[in-house]
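Residue-level structure breakdown
So the chains spell out like this:
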Amino acid sequence: MIPTQDQSRVFHDLSRTLITILRSPSPSSSSPSLPYDDVAVSVPSMNPAGLASLMLGISMGLMVCGSVTFVIGFMLMPWVLGLMMLVVLVGVVSGVSVIGRWVVESCWESCTNRKDYARVCKDT
């Protein structure tokens, strides 16, 4: 069998199962059939307690997945904060070095542009 046929058969079976589970019982027909199926299939309908149990299971699964995601995020948060503080520290050091370079260059230019260059530079 070709893989696409297997895939379409799996999707067809999954769709039929979901429609069967979520379908409300129809009292008018004794042998319900699905619109895409030529063969009449008699499947017992799900009672309300079974549907409630299914929905409870789905919601519990979603809550567990959400809790696991929260725990992973909670454990990774110190790493994120540490990296953020490192980036801020690098930015502050870079800014201070740019300001320091500007101060040194402006002092050096003012020192070299003076007429009394020899007197100022000899004192230092």
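As the structure is a prediction and not an experimental result, all values here were calculated from the model. (Residues numbered from 1 in each chain as written. Predicted model: local features only at pLDDT ≥ 70, side-chain atom pairs only at ≥ 80, totals over all residues. Heavy atoms only, no water.)

A look at the overall build of the chain
Let me state the cut-off plainly: Elements are defined by DSSP. Helices are runs of H or I of four residues or more, strands are runs of E of two residues or more, and each kind is numbered from the N terminus. With a 1.4 Å probe rolled over the protein chains alone, any residue whose accessible area is under 20% of its type maximum counts as buried; one over 50% counts as exposed, and the rest are partly exposed. Each accessible area is a Shrake-Rupley result for a 1.4 Å probe, and residues are judged covered by the shown protein chains and nothing else.
When its secondary structure is counted, the chain shows three helices and zero strands. Listed by position from the N terminus, the elements making up the chain come as α-α-α. Taken across its 124 residues, the chain has 4% of its residues classed as buried. Summing over all exposed atoms, the chain offers an accessible surface of approximately 10700 Å²; the carbon and sulfur share of this is 72%.

So, the pattern of salt bridges
Keep this limit in mind: Any Lys or Arg side-chain nitrogen found within 4 Å of a carboxyl oxygen on Asp or Glu counts as a salt bridge.
Overall, the coordinates contain one salt bridge when judged by the stated rule. Where Arg-16 meets Asp-13, a salt bridge forms, and the shortest distance between an N and an O atom there is 3.3 Å. Placement of the pair is Arg-16 and Asp-13 together in helix H1 (residues 3-22), with a separation of three residues, close to one helical turn. For Arg-16, a relative accessible area of 26% gives the class partly exposed. Using a relative accessible area of 32% as the deciding quantity, one classes Asp-13 as partly exposed.

Some details on the confidence of the model for the chain
The condition that has to hold: Per-residue confidence from the predictor is given as pLDDT, running between 0 and 100.
Summing up the model confidence of the chain, the mean pLDDT is 76 and the portion of residues at 70 or higher is 69%. Confidence, expressed as mean pLDDT per element, reaches its minimum in the chain at helix H3 (residues 117-123) with 56 and its maximum at helix H2 (residues 48-113) with 88.

Thoughts on a nonpolar patch on the surface
Filter applied, for reference: Patches in this entry comprise residues that are over 30% relatively accessible and not in a salt bridge; like charges within 9 Å are linked, as are nonpolar side chains (Val, Leu, Ile, Met, Phe, Trp, Tyr) within 5 Å.
A cluster of nonpolar side chains, contributed by Met-77, Val-80, Leu-81, Met-84, Val-88, Val-92 and Val-96, occupies part of the molecular surface with about 640 Å² of accessible area. For Val-92, the position within the fold is in helix H2. A residue is classified by how much of its surface remains accessible, and Val-92, at 49% relative accessible area, is partly exposed.

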